[in-house]
Amino acid sequence: MQREITRELVRRLLPGRMAESNKGSYGSVLAAAGSMAYRGAAALCTEGALRGGAGLVYLASVEPVIQLVLSRTPECCACGCRTAANGGIHPQDADALRRWFADRPTVLLAGPGLGESAADVCKALLGRNAPWAGAVLDADALNALAAGKYRGDLPANTIMTPHPGEAARLLGLTVPEVQADREGAAVSLAEKYHCVAVLKGHHTLVAAPGGTVWRNETGNAGLAKGGSGDILAGLTAGLLAAGLKQGRTPENAAVCAVWLHGAAADRCAKRRSMTAMLPGDLFEDLGWILGELGR
Ligand SMILES: NC(=O)C1=CN([C@@H]2O[C@H](COP(=O)(O)OP(=O)(O)OC[C@H]3O[C@@H](n4cnc5c(N)ncnc54)[C@H](O)[C@@H]3O)[C@@H](O)[C@H]2O)[C@@H](O)CC1
Ligand SMILES: Nc1ncnc2c1ncn2[C@@H]1O[C@H](COP(=O)(O)OP(=O)(O)O)[C@@H](O)[C@H]1O
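Residues numbered from 1 in each chain as written. Chains lettered and ligands numbered in written order. Predicted model: local features only at pLDDT ≥ 70, side-chain atom pairs only at ≥ 80, totals over all residues. Heavy atoms only, no water.

1. Quick notes on the site of ligand 2
Line of reasoning, step 1. Around ligand 2, the surrounding shell holds 17 residues, and the nearest of these are Lys200, Gly201, Gly227, Ser228 and Gly229.
Line of reasoning, step 2. The backbone of glycine 229 places a nitrogen or oxygen atom 2.7 Å from an oxygen atom of ligand 2.
Line of reasoning, step 3. Protein coverage of the free-state accessible area of ligand 2, which is 580 Å², stands at 78%.
Line of reasoning, step 4. When atom positions are compared with the pocket grids, ligand 2 is found to occupy the largest pocket.
Line of reasoning, step 5. It is helix 10 (residues 228-244) that contributes the most residues to the shell around ligand 2, four residues altogether.
Line of reasoning, step 6. Looking at the shell around ligand 2 residue by residue, the class counts come to four nonpolar, eleven polar and two charged. (Near = heavy atom within 4 Å. Polar contact = N/O pair within 3.5 Å; in protein donor to acceptor, adjacent residues only side chain to side chain. Areas by Shrake-Rupley, 256 points an atom, 1.4 Å probe, with all protein chains shown as cover. 1 Å grid on protein atoms, 1.4 Å probe; cavity = no way out; pocket = protein on both sides within 12 Å on 5 of 7 lines; lining within 4 Å. Sits in = over half its atoms within 2 Å of the grid points. Helix = DSSP H or I, 4+ residues; strand = E, 2+ residues; numbered from the N terminus. Nonpolar A, V, L, I, M, F, W, Y, C, P; charged D, E, K, R; others polar.)

Right under this line is the structure:
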């Protein structure tokens, strides 16, 4: 049975901003994102994590992507990596990053724009004894997982954010099969991978192993543009980093993220139209929605 995500629920579950606090109070995110082919995905997901409230956001990527992102968002900290032959992060540098973050509790956001480097990068970052406080896996990180390119036992507090194409690969189904039983697919993903599953699309579903299936009613077809999912992944990671510091669960972070993302899109469509709105426009509306919720 599905339960609708409401504004009131989100108001209760959102991490607070306390007067007596500092950036360490809201957790850190490391985004492993972007490659020579997909540069903008890193910009959108890191801004999503910052605007979702994380105290610190690091970006691990190849130098041209780092330069793009820092010129847009200087708040982001840079972990510059060498470029592998496939245009992505060099796997040796991913391995060094895992060691560097081992004693710095951080949420890993992996996938947006990683392209062909995703398998090597995820193998290095998510190998045995992965140090992450939590993880958000999206896009190419999910395709590499589906292809068995790295171990399937994910860190505690993992959220995956597949669209129906990625969900089909993860479950060994076709897209029409996933769409014919979206609730069954979301629950199967959560149970198979022992994580919170966000099955995106019109009326996104959130499922945790053995938990409620949440249905999101916000959002519109203006989101059907490349980049919307990168923003959702970043926003989810930011909310997870801040929420884990305040005793919130990954399920709480996913529920808040999908509702806020869709509510920002509904507000954005009123001023920009579904046709002309861009994913990056959502950030302004997200600020208004969070402000109305007192955050
Ligand atoms: N500006 C950028 O740098 C962007 C980079 N991107 C990156 O591009 C790479 C490839 O991602 P893609 O998602 O395009 O590739 P995929 O091949 O995973 O997904 C595209 C296919 O998935 C299926 N699908 C997706 N949503 C669906 C829905 N709601 N209903 C039914 N079927 C659906 C469709 O078959 C569609 O053709 C990723 O690394 C991604 O992060 C994209 O996020 C777009 C923007
Ligand atoms: N018609 C729609 N109605 C509501 N939400 C949508 C619609 N189309 C796309 N979205 C949302 O937009 C995002 C698209 O993510 P994704 O397919 O991963 O795109 P990309 O990786 O290209 O940015 C998801 O959050 C999805 O739920």
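From this point, the discussion proceeds with the structure in view.
2. Digging into the pairing of strand 3 (residues 56-62)
Line of reasoning, step 1. Here strand 3 lies mainly inside the structure; six of its seven residues are buried.
Line of reasoning, step 2. Where strand 2 (residues 28-32) and strand 3 come together, five bridges link them in parallel fashion. When the bridges of strand 3 are listed, leucine 30 appears paired with tyrosine 58.
Line of reasoning, step 3. In this fold, the crossover linking strand 2 to strand 3 by way of helix 2 (residues 40-51) has right-handed handedness.
Line of reasoning, step 4. Of the strand pairs in this sheet, strand 3 and strand 4 (residues 77-81) are connected by five bridges, and their pairing is parallel. If you follow serine 61 over to strand 4, its bridge partner there is glycine 80.
Line of reasoning, step 5. As for the winding sense of the linkage, the β-α-β connection from strand 3 through helix 3 (residues 63-72) to strand 4 is right-handed. (Buried < 20%, exposed > 50% of the residue type's maximum accessible area, 1.4 Å probe, protein only. Pairing = 2+ DSSP bridges. Right-handed = clockwise from strand over helix to strand, strands pointing away.)

3. Notes on the packing of aromatic side chains
Line of reasoning, step 1. One pass over the full model with this rule turns up four aromatic pairs.
Line of reasoning, step 2. Geometrically, the ring pair formed by tyrosine 58 and phenylalanine 101 is edge-to-face, given 5.2 Å between the ring centres and 85° between the ring planes. One end of the pair, tyrosine 58, is in strand 3; the other, phenylalanine 101, is in the loop between helix 4 (91-100) and strand 5 (107-110), and 43 residues separate them in sequence. Judged on exposure class, the residue tyrosine 58 and its partner phenylalanine 101 are both buried. (Phe/Tyr/Trp six-rings, centres within 6.5 Å; stacked < 30°, edge-to-face > 60°.)

4. Some details on the UniProt feature "domain: YjeF C-terminal" (unreviewed entry) in the protein chain
Line of reasoning, step 1. According to UniProt, the "domain: YjeF C-terminal" (unreviewed entry) feature falls on residues 6-293.
Line of reasoning, step 2. Across residues 6-293 one finds 46% helix and 13% strand; the C-alpha atoms that close the span lie 12 Å apart. (UniProt positions renumbered as here; feature names shortened; annotations may be inferred.)

5. Some words on the state of the cysteines
Cysteine pairs can be covalently joined through their sulfur atoms, and such a bond is termed a disulfide.
Line of reasoning, step 1. Enumeration over the complete set of coordinates arrives at zero disulfides.
Line of reasoning, step 2. Note on cysteine 79: no disulfide assigned, nearest cysteine sulfur contributed by cysteine 81 at a separation of 6.9 Å.
Line of reasoning, step 3. The exposure class of cysteine 79 is buried, given its relative accessible area of 12%.
Line of reasoning, step 4. The class of cysteine 81 is buried, set by a relative accessible area of 5%. (Disulfide = S-S within 2.5 Å.)

6. Some words on the packing of helix 2 against helix 12 (residues 282-292)
Line of reasoning, step 1. Interhelical geometry of helix 2 versus helix 12 gives an angle of 15° and a closest axis separation of 11 Å. Accordingly, the angle class assigned to the pair helix 2 and helix 12 is roughly parallel. Considering only the axes of helix 2 and helix 12, their crossing is right-handed. Along the contact surface, helix 2 presents Leu44, Glu47, Gly48 and Arg51, while helix 12 presents Phe283, Leu286 and Leu290. (Axes fitted to C-alpha atoms, helices over the stretch in contact; angles between N-to-C directions. Parallel < 35°, antiparallel > 145°, perpendicular 65-115°, else oblique. Left-handed = near helix turned anticlockwise from the far one by under 90°. Contact = heavy atoms within 4.5 Å.)

7. Structural notes on the site of ligand 1
Line of reasoning, step 1. Taken together, 19 residues form the shell around ligand 1, and within it Ala41, Gly113, Asp140, His163 and Asp230 come nearest.
Line of reasoning, step 2. In the environment of ligand 1, an oxygen atom lies 3.0 Å from a nitrogen or oxygen atom belonging to the side chain of histidine 163.
Line of reasoning, step 3. At a separation of 3.0 Å, an oxygen atom of ligand 1 approaches a polar side-chain atom of arginine 169.
Line of reasoning, step 4. A per-element tally of the shell around ligand 1 places helix 7 (residues 164-171) first, with four residues.
Line of reasoning, step 5. The class makeup of the residues in the shell around ligand 1 is seven nonpolar, seven polar and five charged.

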